[in-house]
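# Inside the fold
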Amino acid sequence: MDIYEAAVQELEAIEAQIKPLLARREELRQFVELGRKLFVQGSYAVSTDVGQGVQIEALGSVADAAPRRVRRSTSTKDQIIRCAQQAIATAGPRKTADIIALLEADGVEIGGSDKTLTVSSVLSRAKDIFKSDRAAGGWTLVSPHKEETPQGAPTPAGS
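My aim in this report is to walk through the structure given alongside it, one point at a time.

Criteria and cut-off values
Residues numbered from 1 in each chain as written. Predicted model: local features only at pLDDT ≥ 70, side-chain atom pairs only at ≥ 80, totals over all residues. Heavy atoms only, no water. Helix = DSSP H or I, 4+ residues; strand = E, 2+ residues; numbered from the N terminus. Buried < 20%, exposed > 50% of the residue type's maximum accessible area, 1.4 Å probe, protein only. Pairing = 2+ DSSP bridges. Arc of directions from axis to C-beta. Axes fitted to C-alpha atoms, helices over the stretch in contact; angles between N-to-C directions. Left-handed = near helix turned anticlockwise from the far one by under 90°. Contact = heavy atoms within 4.5 Å. Nonpolar A, V, L, I, M, F, W, Y, C, P; charged D, E, K, R; others polar. Core = buried A, V, L, I, M, F, W, Y, C linked by side-chain atoms within 4.5 Å.

## Re the environment of Gln86
Mapped onto the secondary structure, Gln86 falls in helix α2 (residues 76–91). Gln86 sits in the partly exposed class, given a relative accessible area of 29%. For the pair Gln86 and Leu141, spaced 55 residues apart in sequence, the C-alpha separation works out to 10.0 Å.

## Some details on the pairing of strand β1 (residues 130–133)
As judged from the 4 bridges shared by β1 and strand β2 (residues 138–141), these two strands associate in the antiparallel manner. Residue Asp133 lies in a different strand from β2, and its bridge partner there is Gly138. Counted between consecutive antiparallel strands, the loop separating β1 from β2 contains 4 residues, among which Gly137 sits at a positive phi close to 105°.

## Digging into helix α3 (residues 96–105)
Within α3 the residues assigned to the buried category are Thr96, Ile99, Ile100, Leu102 and Leu103. Down the axis of α3, the smallest arc covering the buried residues is 160°, so these residues share one side.

## Some remarks on the packing of α2 against α3
In the contact formed by α2 and α3, the axes pass within 10 Å of each other and the chain directions differ by 115°. Of the two possible hands of crossing, α2 and α3 adopt the one that is right-handed. Together, Gln79, Ile80, Cys83, Ala84 and Ala87 of α2 and Ile99, Leu102 and Leu103 of α3 make up the contact between the two elements. The residue inventory of the contact of α2 with α3, partitioned by class, reads 7 nonpolar, 1 polar and no charged.

## Structural notes on the nonpolar core
Soluble globular proteins tend to bury their nonpolar side chains together. One finds Ile99, Leu103, Val119, Leu123 and Phe130 to be the most contacted residues of the largest nonpolar core, which totals 19 residues. For this core, the secondary structure elements donating two or more residues are α2, α3 and α4 (115–125). It is α2 that contributes the most residues to this core, 6 residues altogether. When neighbours within four sequence positions are excluded, Val119 is seen to be in contact with Ile80, Thr96, Ile99, Ile100, Leu103 and Ile110.

Structural data, given as structure tokens:
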């Protein structure tokens, strides 16, 4: 056996190992993408709006699936807030780009010439729900249990 034949055999052995790994990688990619799409849609299906159930279709390949437009009676602003709230509550701080990707995967049309600016504007105006925290890595939820001391009220010493 010469050196080239040995190299060819080694390449064939490597190819035999790579093919199943590539197939598994694609399966996992599809699983993750589909899970993200279904999870976001599931959060809308559980909403308190009557008659707003979402039909989830079985998808052959997530990469080939076109975004589905789902009609809702809620405004785009409400959809942005609801989606961001759900995503942050389950996965922690999220960047604006991540929230946009979730919204678009759910078929929400974001108006304006700059989607990032539009979504950031909606979230920043909902100060009772969201705060931007660069140190944490993006948008976070405001703690609902935070009690503010009214101005002029006595406070405990040494706090």
